[in-house]
Amino acid sequence: MSQIYDRVALIGLGLIASSMYWAIKRSGLAGEVTGYARSAETRDTAREIGLCDRVCESAAEAAEGADLVVLCVPVGVMGDVAAQIAPNLKPGATVSDVGSVKAAVIEAVAPHLPEGVHFVPAHPLAGTEHSGPRAGFAELFDNRFCLIVPQQGSDRAAVERVEQLWQGMGSETEEMDADHHDLVLAVTSHAPHLIAYTMVGVADDLRRVTDSEVIKFSAAGFRDFTRIAASDPTMWRDVFLNNKNATLEILGRFTEELFALQRAIRTGDGEHLHEYFTHTRAIRRGIIEAGQDTDAPDFGRSK
Ligand code: NAP
């Protein structure tokens, strides 16, 4: 893979930015990568572990002269960061982001960008429950989708270059509009996270099940909920506050289905339960066939 950008700036140096850095380096996709994070502690850690060719003291300094600036901060601060870098963006540069929500981020970022700067929002569908600069690894995006959300009138060459970068980092890219993205993600990621948070919260409330029992016997489904529920609180607070409508719509549907299953259990309607679970099993099979998960009994965690 050959170099796609001379200079890339990563603003925010957590799980996603650090994985991008290692993936960019793995394939030589950029000449120089600069980086910035809010706290001195994260910037020092980045310097210590060699994350970024140059760690800067401000977002504006990191963005100065960059051909591509990628906002890798929580969704709720994307607009503030865009305002900080705007005066230093060079004409013809591209700004992208990796936020888990698209419509709200576009609304917050786009007004700050000067004319002549291209905006190409993106969202890699890859992550772990870990966060921070040490959490990243080069393989995070391998064989995962990255959704690209071009804007009306987007410069095609700028969009295609961002897609090439993600492909170079191991992802398959697909273009989608912002509202559809937010609905799809509400189903596939946001609502499931909220349900996991709730389930773990419920177990914690149930004093009849002691903490040690919850941990000791967690293999039976609960363990997967706890992994998801360990995800970064700031990131997920911002996701729900910024994808409000789609998440609420899906949760409404979820509640209806839950009540229907609750009723089937109460009335002893085994046929309904069996049919329902047969259908959901087929969905799981579809995910494995699409190469988006492994059918190893531990969900590939021991790999
Ligand atoms: P993370 O590991 O928590 O890192 C966030 C980074 O943003 C930290 O370096 C933090 O700096 C920095 N930051 C926070 N506020 C800032 C500000 N005002 N100015 C400058 N830097 C700031 O988060 P992440 O998991 O990489 O997520 C980053 C983005 O990717 C989020 O928008 C998230 O929605 C999206 N995303 C996440 C996943 C996932 O599974 N984690 C997957 C796809 C997309 P400090 O360390 O100094 O606080």
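Definitions and limits used
Residues numbered from 1 in each chain as written. Predicted model: local features only at pLDDT ≥ 70, side-chain atom pairs only at ≥ 80, totals over all residues. Heavy atoms only, no water. Helix = DSSP H or I, 4+ residues; strand = E, 2+ residues; numbered from the N terminus. Rg over C-alpha atoms; globule rule 2.2 N^0.38 Å. Buried < 20%, exposed > 50% of the residue type's maximum accessible area, 1.4 Å probe, protein only. Contact = heavy atoms within 4.5 Å. Areas by Shrake-Rupley, 256 points an atom, 1.4 Å probe, with all protein chains shown as cover. Lys, Arg positive; Asp, Glu negative; His and termini not counted. Charge placed at Lys NZ, Arg CZ, Asp CG, Glu CD. Near = heavy atom within 4 Å. Polar contact = N/O pair within 3.5 Å; in protein donor to acceptor, adjacent residues only side chain to side chain. Domains from an automatic or database assignment. Buried area = accessible area lost by both parts, 1.4 Å probe. Salt bridge = Lys/Arg side-chain N within 4 Å of Asp/Glu carboxyl O. Pairing = 2+ DSSP bridges. Axes fitted to C-alpha atoms, helices over the stretch in contact; angles between N-to-C directions.

A. Focus on the overall build of the chain. The number of helices and strands found in the chain is 12 helices and nine strands. For the chain, whose C-alpha radius of gyration is 21 Å, the value lies close to the compact-globule estimate of 19 Å for 303 residues. In terms of overall dimensions, the chain has C-alpha extents of about 65 × 40 × 35 Å along its principal axes. Scored against the burial criterion, the 303 residues of the chain give a buried share of 43%. Considering only intrachain contacts with a sequence separation of at least 6, the fraction spanning at least 24 residues in the chain is 73%. Carbon and sulfur atoms make up 54% of the accessible area of the chain, which totals about 16000 Å². Where the 28 positive side-chain charges of the chain centre and where its 43 negative ones centre are 5 Å apart.

B. Quick peek at the side chain of T94. Tracing the sequence through the fold places T94 in strand 5 (residues 94-97). On the accessibility criterion, T94 (4% relative accessible area) is buried. Look past the residues within four positions of T94 in its chain and what remains in contact with it is D67, L68, V69, H118, V120, A158 and V162.

C. Region of the structure containing the site of the ligand. The ligand sits among 29 residues. The nearest are R38, S39, T42, V73 and S100. One of the side-chain nitrogen or oxygen atoms of R38 is found 2.6 Å away from an oxygen atom of the ligand. S100 places a polar side-chain atom, nitrogen or oxygen, 2.6 Å from an oxygen atom of the ligand. Relative to its unbound accessible area of 910 Å², the ligand is 88% covered by the protein chains. Where the shell around the ligand is concerned, the elements lending two or more residues are helix 1 (15-27), helix 4 (78-85) and strand 7 (122-124).

D. Highlighting the domain arrangement of the chain. Assigned domains of the chain: these are domain 1 (5-176) and domain 2 (180-268). Taking only C-alpha atoms into account, the centre of domain 1 sits 29 Å from that of domain 2. Counting residues at the interface gives 15 residues for domain 1, matched by 16 residues for domain 2. Of the roughly 1200 Å² buried at the junction of domain 1 and domain 2 (both faces included), carbon and sulfur atoms supply 67%. Across the contact surface, domain 1 and domain 2 share one salt bridge. Notably, a salt bridge pairs E129 with R227, separated by 3.7 Å at the nearest N-O pair.

E. The sheet that holds strand 9 (residues 172-175), seen in detail. Spatially, three strands are ordered 7-8-9 in an open sheet, and the strand pairing comes out mixed. Looking at strand neighbours, the two that pair on one side only are strand 7 and strand 9, the edges of this open sheet. Between one strand and the next, the sheet's axes are offset by a mean angle of 20°, whatever the strand orientation.

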